[in-house]
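# Structure at a glance
These are the residues of each chain, in order.
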Amino acid sequence: MESLARQMLVAGGTHPSMRTLAEGAGVDPGTLRHYFGDRRGVVQAAFEHLMKFGQERQAWAKSLAERPARAAFEHLLEQISTAWTGALGGMHAAGFAEGMSDSELGQIYISSIFEPTLNAIEELLIIFHARGELTVPDARVAALALLSPVLMALFHQHQLHGRRCRPLDLKVFIERHLDGFLKGYAK
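For the structure given in this document, a descriptive report is provided here. (Residues numbered from 1 in each chain as written. Predicted model: local features only at pLDDT ≥ 70, side-chain atom pairs only at ≥ 80, totals over all residues. Heavy atoms only, no water.)

### What to know about the side chain of Ser 112
Mapped onto the elements of the fold, Ser 112 is located in helix H6 (residues 103-130). In this structure Ser 112 comes out as buried when scored by relative accessible area, which is 2%. Separated by 2.6 Å, the side chain of Ser 112 and the backbone oxygen of Ile 108 make a polar contact. (Helix = DSSP H or I, 4+ residues; strand = E, 2+ residues; numbered from the N terminus. Buried < 20%, exposed > 50% of the residue type's maximum accessible area, 1.4 Å probe, protein only. Polar contact = N/O pair within 3.5 Å; in protein donor to acceptor, adjacent residues only side chain to side chain.)

Structure, rendered in structure tokens:
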């Protein structure tokens, strides 16, 4: 299963065929069909395997509640940016690509990979609201407002190769984005 998940990350948004997935996992396509039925079953199993990664990151993100809001979110977003060039970018790219062409796989990606991150951010926002650091009337909306621009910038720079035509200093982007976000949710 590890090799299939790794192949999905390497493919990162290219929508690999059953044969490509099998070759990347070092097995025959018939073996994958035997265990998983079809391509959707293979991708679903790989996403479910990757769910462990999402759960680990969710627990790590929650530990940031000990810090002040700005420091916590800056660290979180910088970690996402750093991890993007490794497995994280491939994981999200694969989730988007598969989810756009197959709504069932889209639901698996959302529930196993995207939502755990979003939930962790929501929980942090609720904690910072309760501590009086921020005013957060709707944690889900705020979490999406915090995360979405960063994900879009990362997709732009990496998967879509925007750094070739319009490079972006992601560290500066995160700092400026946080300035505006925290101003909007200031107590």
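### Section: helix H7 (residues 139-157)
The end-to-end C-alpha separation of H7 is 28 Å, in line with the 27 Å expected for 19 residues at 1.5 Å each. Taken together, the buried positions of H7 are Ala 139, Ala 142, Ala 143, Leu 146, Leu 147, Val 150, Leu 151, Ala 153, Leu 154, Phe 155 and Gln 157. For H7, the elements touching its buried residues are helix H5 (69-101), H6, helix H8 (162-165) and helix H9 (170-184). At the N-terminal end of H7, a side-chain oxygen is found 3.1 Å from the backbone nitrogen of Arg 140, two or three residues along, and the residue is Asp 138. (Expected span 1.5 Å × (residues − 1). Contact = heavy atoms within 4.5 Å.)

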